[in-house]
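Here are the chains, one letter per residue:
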Amino acid sequence: MSAPHTFMPTTETVFQRTGENTMIVNMGPQHPSTHGVLRLICELEGEVIVQCKCVIGYLHTGMEKEAEYQQYHKCTVMTDRMDYLNANGTNLAHALAVEKLLGCEVPKRGQYLRVILAELSRIASHCVWLGTHALDLGAMTPFFYIFTQREHILDMFEMFAGVRMMPSWIVPGGLRGDMPDGFDIKLNAFLKDFVGELEVVENLLVENPIWKERTIDVGVLSGKEALELGCSGPIARASGVAWDLRKSNPYSSYEDFDFLVPVGRTGDVYDRFLVRIAEMKESCKILRQALDGLPEGDWNTSDRKIAPPPRAELDSSMESLIHHFKLYTEGYRPPVGEAYAGVEGSKGELGFYVISDGTNRPYRWHCRPSSFMNLKTLEVLGVGRLIADLIAIIGSVDIVLGEIDR
Amino acid sequence: MPNPMLGEERLEVVKVRVALGEDLIKVKTFRDDLFLCVARERVVDALRVLKEDPDLGYDYFCECLGADYSAWTHERDLPGRFEVIYNLMSTRWFSRVFVKVGVDDGQTVPTAKGLFLGAEYPEREINDLYGVVFEGNEQTQRFLLPDDWVGYPLRKEYPLGGEDVLFDRGEHGPAIEDVSMPHAGESFDGKTGSQGVSGR
């Protein structure tokens, strides 16, 4: 037998033990309630957590390095695979960052279609959160009910892109294509039923004594702490920070829509639950307005150096053929500079920081992952709580390891 | 909401200049984003001014990231091989400011962990992928990479291909002889490379 492997962080080296009679418990990376390959190492005094550390990197694939060798539009497919539950939101953040670098504007119809896709993604992502969070705390029914709704959304993505989870449909310069026929009927049908179906699930939990026992006053985070930790999105809002990037720094025509930003009072697990539920209902409002007010016209930028010409033009126009060929072989060259664009993703602020050196590939391509920044809260909130509460907190922070490790 | 201004200048620039003086090396605006390039030793002071000044209110720590400028051919904002870029947002003005510092191999950047607890993770990530050391947030272990990984993958000289990904005991990392070879995809000029590619 050879010497034991040393490359895995051992429980003893991750932190200094603080007590004499404490027990160190390892959770994950293959644990159902850590939502992926997250590993937590906890020091316990009885059942109470003394300290807790996250060990990550099990899903690290070096996407930021890979992107430096790819053309800008080819980086899009990597963005879906980061936050795979909110793929359209990540696509949108990347597209906005590259467009900011290029200085390019997308027509209104394109912006509205982006909003539709991003909001559907947000609902789908929250559906997964609601199902798994409830499952972690012992409620099995919501998982099955809410995943039925998520299936409807994935079916709609399939109508758009032919792919259910990784559409890569939002690209710099616009979208890969217009809204498919019959999509509006499907979306209308979905919007008609969804809020009712959501309320069925909500009513299973919201006044449920077991649910309230497990979530109220658990994992309380103050607004100031949340901001210092870099928490954004529903977590910050549940802690009373009335800030939503869609309202404060509107992008992609969000200023056209009338919606509310739900804000919590105490910042506990229960508030995060309520905020996300309310957010899904607000997303439905946005979807309704975007679908009803969808403008006619082009959905791609008219700059043929950035967006491809319509397929029909390729048969008749030599210029279009050249543009098409050059776009997909060489790509475009943004001016030298750096740009950051952030969007309100389902888990918080989701942004891309892109540095261009004037060539057709990013010099540096960085994702600001919302879950990665939110993850640190686990180490803060877990301390002094029972280990069972840690499960509730992980669920309420809503992490995606694909985005954390990249 | 408009950005905070003082006359013609952004208020952030004035406040940071008062606090840092000569250590505010350069102020840059690109696509309406404000970049403050400050001296490495004073970065925490700059962040503190931005965070704690009631007129600015940059209390949201968005992130920080690293960048390796060793293959950069254009004008630089700062000396030093690497840059660390802090991204802050004001919950009062909802405006953004980017604070940049330059750092060379063998130099350290003071950690912002004491000011913003959320800086711990991104700093560890930069340390892991670039080898930039943050004073006060030193690492004994790898963060995103396996513990026996050799080298810093986001450095420009580090090859894309050629890693041995068997996770058995031993020294892993890229094949050293492939260091200067481009990736088997396309070259940086947008032409398809055909020879001298890295990878096994």
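Just above sits the structure.
Note that this is a predicted model, so its numbers are computed, not measured.

S.K.: Mind showing me how you'd approach the pattern of salt bridges here?
M.R.: Two side chains of opposite charge can pair, provided their charged atoms sit close to one another. Per the counting criterion, the structure on display carries 54 salt bridges over all chains. Between E199(A) and K281(A) there is a salt bridge; the shortest N-O distance is 3.6 Å. Here the residue E199(A) occupies a position in helix α7 (residues 183-205), and K281(A) occupies one in helix α12 (residues 269-292), the gap between them amounting to 82 residues. Here R406(A) and E125(B) are joined by a salt bridge, their closest N and O atoms 2.8 Å apart. Placement of the pair is R406(A) in the segment after α16 (401-405) and E125(B) in helix α3 (residues 120-130), with the two residues belonging to separate chains. For R406(A), a relative accessible area of 3% translates into the label buried.

S.K.: I'm lost on unusual backbone geometry in this one. Help?
M.R.: Glycine aside, a negative phi is what most residues show, and trans is what most peptide bonds show. Located in the positive-phi region is S168(A), a residue other than glycine, with phi close to 50 degrees. Within the secondary structure, S168(A) sits in the loop between α6 (141-161) and β4 (170-171). Judged by relative accessible area, which is 5%, S168(A) ranks as buried. Positive phi outside glycine occurs at R31(B), with the angle close to 50 degrees.

S.K.: Mind showing me how you'd approach the nonpolar core here?
M.R.: Soluble globular proteins: nonpolar side chains tend toward being buried together. I116(A), L120(A), L130(A), L187(A) and F273(A) are the most contacted members of the largest nonpolar core, which totals 97 residues. The biggest single contributor to this core is helix α5 (residues 108-136) of chain A, with 13 residues. L120(A) has contacts with I153(A), M156(A), F157(A), F183(A), L187(A), F190(A) and L287(A), leaving out every residue within four places of it along the chain. In this structure, V397(A), V13(B), L24(B) and L154(B) belong to the second largest nonpolar core, which totals 74 residues.

S.K.: Explanation requested: the sheet that holds strand β5 (residues 60-68) of chain B in the structure shown.
M.R.: In sheet architecture, strand pairing relies on hydrogen bonds along the backbone and comes in two forms, parallel and antiparallel. Residue and element names in this part refer to chain B. Pairing within the open sheet is mixed, and its 5 strands lie in the order β3-β4-β7-β6-β5. Strand pairing shows two members of the sheet lacking a second neighbour, β3 (24-30) and β5, which therefore form its edges. Pairs of neighbouring strands in the sheet enclose a mean axial angle of 20 degrees, with direction left out of account. As defined by bridge partners, β3 adjoins strand β4 (residues 33-38) across 6 bridges and the pair is classed as antiparallel. Note on β4: the bridge partner recorded for K28 is F35. In the packing of helix α2 (residues 43-52) onto the sheet, contacts are made with β4, β6 (82-89) and β7 (96-103), and the angle to β7 comes to roughly 170 degrees.

S.K.: Looking at this model, I keep getting lost on the layout of surface pockets. Mind explaining?
M.R.: Sizing a probe to match a water molecule and rolling it over the atoms shows the empty space that remains. All names here are of chain A. The space that makes up the largest pocket amounts to roughly 860 Å³. Lining the largest pocket are 27 residues; nearest its centre among them are K100, N249, P250, Y251 and Y340. Put simply, the parts of the chain that give the lining of the largest pocket at least two residues each are α4 (87-102), α5, α11 (245-248) and β6 (337-344). Split by residue class, the lining of the largest pocket holds 11 nonpolar, 7 polar and 9 charged.

S.K.: When you look at a nonpolar patch on the surface in this model, what are you seeing that I'm missing?
M.R.: Residues and elements named next belong to chain A. Residues L135, M140, F144, Y145, V200 and L204 make up a contiguous nonpolar surface patch of roughly 540 Å² in combined accessible area. Put simply, the parts of the chain that give the nonpolar patch at least two residues each are α6 and α7. Inspection of the secondary structure puts V200 in helix α7. Residue classification places V200 among the partly exposed positions, given a relative accessible area of 38%.

S.K.: Would you mind showing me how to read the interface of chain B and chain A here?
M.R.: Interfaces are often sized by the accessible area lost when the parts come together. Each partner contributes to the interface: chain B provides 62 residues, whereas chain A provides 63 residues. With both sides pooled, the region where chain B packs onto chain A buries about 5,300 Å², and carbon together with sulfur makes up 55% of that total. Seen at the junction of chain B and chain A, the total is 8 salt bridges. E338(A) is the partner of K100(B) in a salt bridge, and the nearest nitrogen-oxygen pair spans 2.8 Å. Between the two partners, chain B and chain A, sit 27 residue pairs in polar contact (both at pLDDT 80 or more). Ranked by the residues each element gives to the side of chain B that touches chain A, the list is headed by β5(B), at 8 residues. Of the residues belonging to the side of chain B that touches chain A, the class tally is 32 nonpolar, 10 polar and 20 charged.

S.K.: Would you mind showing me how to read the pairing of strand β7 (residues 349-356) of chain A here?
M.R.: Strand residues, when the strand is regular, have side chains that alternate between the two faces of the sheet. Residue and element names in this part refer to chain A. Counting buried positions along β7 gives 8 out of 8 residues, so the element sits mostly inside the fold. Burial along β7 is two-sided: E349, G351, Y353 and I355 and L350, F352, V354 and S356, pointing in opposite directions, are all buried. One ladder, built from 8 bridges, connects β6 with β7; its direction is antiparallel. For V343, the partnering residue across the bridge sits in β7 and is L350. A loop of 4 residues connects β6 with β7, the two strands running antiparallel in sequence, and G348 in this loop sits at a positive phi of about 140 degrees. Strand direction decides the pairing type here: β7 and strand β8 (residues 362-368), joined by 6 bridges, are antiparallel. Following the sheet pairing, Y353 is matched in β8 by H366.

S.K.: Explain α5(A) to me, please; I cannot follow it from the model alone.
M.R.: The periodicity of an α-helix, 3.6 residues per turn, causes residues three or four positions apart to be oriented the same way. Residues and elements named next belong to chain A. Compared with the 42 Å implied by 1.5 Å per residue over 29 residues, the 42 Å span of α5 between its first and last C-alpha is a close match. Counting buried positions over the 29 residues of α5 gives 27, a clear majority of the element. Backbone geometry just downstream of α5 places G138 in the positive-phi region, at approximately 95 degrees.

S.K.: How should the state of the cysteines be read in this particular structure?
M.R.: Here, the word disulfide means a covalent bond between the sulfur atoms of two cysteines. One pass over the structure, following the stated rule, counts 0 disulfides over all chains. Among the cysteines around C42(A), which has no disulfide bond, C52(A) carries the closest sulfur, lying 4.3 Å off. Of the residues examined, C42(A) reaches a relative accessible area of 0% and is grouped as buried. Here C64(B) is not disulfide-linked; the sulfur of C62(B) is the nearest cysteine sulfur, at 10 Å. You can call C64(B) buried: its relative accessible area is 2%.

S.K.: Whenever I open this one, the side chain of S252(A) confuses me. Can you help?
M.R.: All names here are of chain A. Relative to the helices and strands, S252 resides in the loop between α11 and α12. Polar contacts involving the side chain of S252 include one to the main-chain carbonyl oxygen of Q111, which spans 3.3 Å. Not counting residues up to four positions away in its chain, the partners in contact with S252 are Q111, R114 and V115.

S.K.: Teacher, can you tell me more about the packing of α7(A) against α12(A) here?
M.R.: In a pair of packed helices, the angle between the axes and the distance between the axes together describe the arrangement. Residue and element names in this part refer to chain A. The contact between α7 and α12 brings their axes to 11 Å, and the two run at 165 degrees. The angle between α7 and α12 falls in the class roughly antiparallel. Crossing angle aside, the handedness with which α7 passes α12 is left-handed. Within the contact between the two elements, α7 uses D184, L187, N188, L191, F194, V195, L198, E199, E202 and L205 and α12 uses F273, I277, M280, K281, C284, L287, R288 and L291. For the contact of α7 with α12, the class distribution of residues is 12 nonpolar, 1 polar and 5 charged.

Cut-off values and rules
- Every chain is numbered on its own, with residues counted from 1 as its sequence reads.
- Lettering for chains starts from A, numbering for ligands starts from 1, and both go in the order in which the items are written.
- Given that this is a predicted model, residues contribute local features only at a pLDDT of at least 70 and side-chain atom pairs are listed and counted only at 80 or more, while totals for whole chains, interfaces and linings are drawn from all residues.
- Side-chain measures were taken over the full set of non-hydrogen atoms in the model, leaving aside hydrogen atoms and water.
- By salt bridge we mean one thing: a side-chain nitrogen of Lys or Arg within 4 Å of a carboxyl oxygen of Asp or Glu.
- Put simply, DSSP marks the helices as runs of H or I at least four residues long and the strands as runs of E at least two long, and each gets a number from the N terminus on.
- Each residue is placed in one exposure class: buried if its accessible area under a 1.4 Å probe, protein chains only, is under 20% of its type's maximum, exposed if it is over 50%, and partly exposed if it falls in between.
- In plain words, nonpolar cores are sets of buried Ala, Val, Leu, Ile, Met, Phe, Trp, Tyr and Cys residues tied together by side-chain atoms within 4.5 Å.
- Throughout, a residue-residue contact means that at least one pair of heavy atoms, one from each residue, lies within 4.5 Å.
- Here, strands pair whenever DSSP counts at least two bridges between them.
- Angles shown run from 0 to 180 degrees and are taken between the N-to-C directions of axes, each axis being a line fitted to C-alpha atoms and, for helices, limited to the stretch in contact.
- Think of a 1 Å grid over the protein atoms and nothing else: a 1.4 Å probe that fits but is trapped marks a cavity, an open set flanked by protein within 12 Å on at least five of seven lines marks a pocket, and residues with an atom within 4 Å of a point count as lining.
- Grid points are joined across faces, edges and corners, and a volume is the space filled by probe spheres set on the points.
- Under the grouping applied here, Gly and all other residues not named as nonpolar or charged are polar, the nonpolar ones being Ala, Val, Leu, Ile, Met, Phe, Trp, Tyr, Cys and Pro and the charged ones Asp, Glu, Lys and Arg.
- Within the patch definition used here, like charges are joined within 9 Å and nonpolar side chains (Val, Leu, Ile, Met, Phe, Trp, Tyr) within 5 Å, considering only residues with over 30% relative accessible area and no salt bridge.
- Here the accessible surface of atoms and residues is derived via Shrake-Rupley with a 1.4 Å probe, and residues count as covered only by protein chains that are part of the display.
- As used here, buried area is the combined drop in accessible area, with a 1.4 Å probe, of two parts when they are placed together.
- Pairing of N or O atoms within 3.5 Å defines a polar contact, subject to two protein rules: one partner must be a possible hydrogen donor and the other a possible acceptor, and residues neighboring in sequence count only if both atoms are side-chain atoms.
- The length a helix should cover is 1.5 Å for every residue beyond the first.
- Count a disulfide wherever a pair of cysteine sulfur atoms falls within 2.5 Å.
- Every angle not falling under 35 degrees, over 145, or within 65 to 115 is termed oblique; those three ranges are roughly parallel, roughly antiparallel and roughly perpendicular.
- Helix crossings are classified by the rotation of the near helix relative to the far one: an anticlockwise turn of less than a right angle makes the crossing left-handed, while a clockwise turn makes it right-handed.

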